[in-house]
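Here's the letter readout for the chains.
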Amino acid sequence: MTSITPDPAGPRASTTRPLVQLSGVQKHFGDLHVLKDIDLEVAPGEVVVVLGPSGSGKSTLCRTINRLETIDEGEIRIDGTVLPTSGKGLAKLRSEVGMVFQSFNLFAHKTVLQNVTVAPIKVKGVPRKQAEAEGMELLERVGVADQADKLPAQLSGGQQQRVAIARSLAMKPKVMLFDEPTSALDPEMISEVIEVMTGLAKSGMTMIVVTHEMGFARRTADRVVFMDSGRIVEVRPPEEFFSSPESDRAKDFLGKILHH
C-alpha cells in the first residue's frame, strides 16, 4: 500500500499558526453540559488522538470542528478563519475538513468510485475525467482500487471504511477528523483501516482522531488529549501519557483499558 500524499497547498503551509484552534468552547444538550471550557490547538501536520471514557465528550468535540454540532460559547478557527455558522462560508470550510465516522455513510446506490468522485465534481467543479483519475489513485492508495465498480454493500466493513477515507481525501482537506472509525468493524478489519490511517499520518496530514485503539495512539499520535466529563483533563505526548498519567482519572481509565 503506497503512502498517501496530502494536498501540498494544505497542511504544510509555512505558517506556524494553529491549523485548528478551539477557545473557551461550551456545548450543552439541554441540561447536559457536554463540553466544558475547551481550549485546544492543533498544529499543521500534527496527529492528535482524543481518548476518554464513554460520555466524556470526545465525539461531540470532533463534531463541533466542522459544525455538525453547534457550540453555545467560545470560538473555533480553522487555518485562522472563524468557523462560520451557515451559508457558503460554512460549506467551503467543511470542504477543507474531512470527516470519517464510525458508520461509513457511503451512498448505497453509487459505486465505490462514484462515492469518491461525487463531491469533487459537484462541490468543487472538478471535471469528471480528472475526478475519476484522482479517485482511482486514492482508491489505489487505500488498497481498494479493485473494488471501484462495486456497490458499498458488496464490500467488507473494512473496505467500506477505507473508501470513506478516500472519499474525504478526494476533497483535499486541510485536516482530517476521525470519530471512532474502527468501532463498527470486526477485529480482523480494524488493522487494515489503522494501516491506512498510519500511512496518512506519516504523510504529514493534520489529524484529530477519536479512538479506542490504544496501539494507534501510542505509535502514531504526537499528543494524546484525555477527556472526562466534558473537560480536557490531560494533554501529553503518548509515551508520557501511557507510562505516567498525571490525573487519577486517567490512571483509572488506563488501568481498566490496558489490563482488562
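See the structure shown above.
The structure displayed is predicted, hence computed values, not measured ones.

**Details of the pattern of salt bridges**
Summed over the entire model, instances satisfying the criterion amount to 15 salt bridges. Across the pair Lys174 and Asp79 runs a salt bridge whose closest N-O atoms are separated by 2.7 Å. On the criterion of sequence distance, the pair formed by Lys174 in the loop between helix H5 (157–169) and strand S7 (175–179) and Asp79 in the loop between strand S4 (73–78) and strand S5 (81–82) is long-range, its members being 95 residues apart. Grouping residues by exposure puts Lys174 and Asp79 together as buried. Glu240 is the partner of Arg236 in a salt bridge, and the nearest nitrogen-oxygen pair spans 3.4 Å. The network of salt bridges with common partners includes Arg17, Asp79, Lys92, Glu96 and Lys174.

**Here we look at the packing of helix H3 (residues 112–124) against helix H4 (residues 128–141)**
Following both chains from N to C, one finds H3 and H4 inclined at 130°, their axes separated by 9 Å at the closest point. Judged by the inter-axis angle, H3 sits oblique to H4. In terms of crossing hand, the pair formed by H3 and H4 is right-handed. Mapping the contact onto sequence places Val112, Leu113, Val116, Thr117, Pro120 and Ile121 in H3 and Arg128, Ala131, Glu132, Gly135, Met136 and Leu139 in H4. Grouping the constituent residues of the contact of H3 with H4 by class yields eight nonpolar, two polar and two charged.

Here is what the cut-offs are and how they apply
Per-chain numbering applies: the sequence of each chain, read as written, is numbered from 1 onward. Whole-chain, interface and lining totals are the exception, using all residues; otherwise, since this is a predicted model, local features are given only for residues with pLDDT of at least 70 and side-chain atom pairs are given and counted only at 80 or more. To obtain the side-chain values, all non-hydrogen atoms of the structure were used and water was disregarded. Every case where a carboxyl oxygen of Asp or Glu lies within 4 Å of a side-chain nitrogen of Lys or Arg is listed as a salt bridge. In this text, helices come from DSSP runs of H or I with a minimum length of four residues, and strands from runs of E with a minimum of two, each type numbered from the N-terminal end. Relative accessibility under 20% of the residue-type maximum defines a buried residue, over 50% an exposed one, and the middle range a partly exposed one, all with a 1.4 Å probe and only protein chains included. In this analysis an axis means a line fitted to C-alpha atoms, helices contributing only their contacting stretch, and an angle means the value between N-to-C directions, from 0 to 180 degrees. By the definition adopted for this analysis, an angle is roughly parallel if under 35 degrees, roughly antiparallel if over 145, roughly perpendicular if from 65 to 115, and oblique otherwise. Each crossing gets its handedness from the near helix: less than a right angle anticlockwise from the far helix is left-handed, clockwise is right-handed. Residue contacts are defined here by distance: any two heavy atoms, one from each residue, within 4.5 Å place the two residues in contact. Think of it as three bins: nonpolar holds Ala, Val, Leu, Ile, Met, Phe, Trp, Tyr, Cys and Pro, charged holds Asp, Glu, Lys and Arg, and polar takes everything else, Gly as well.

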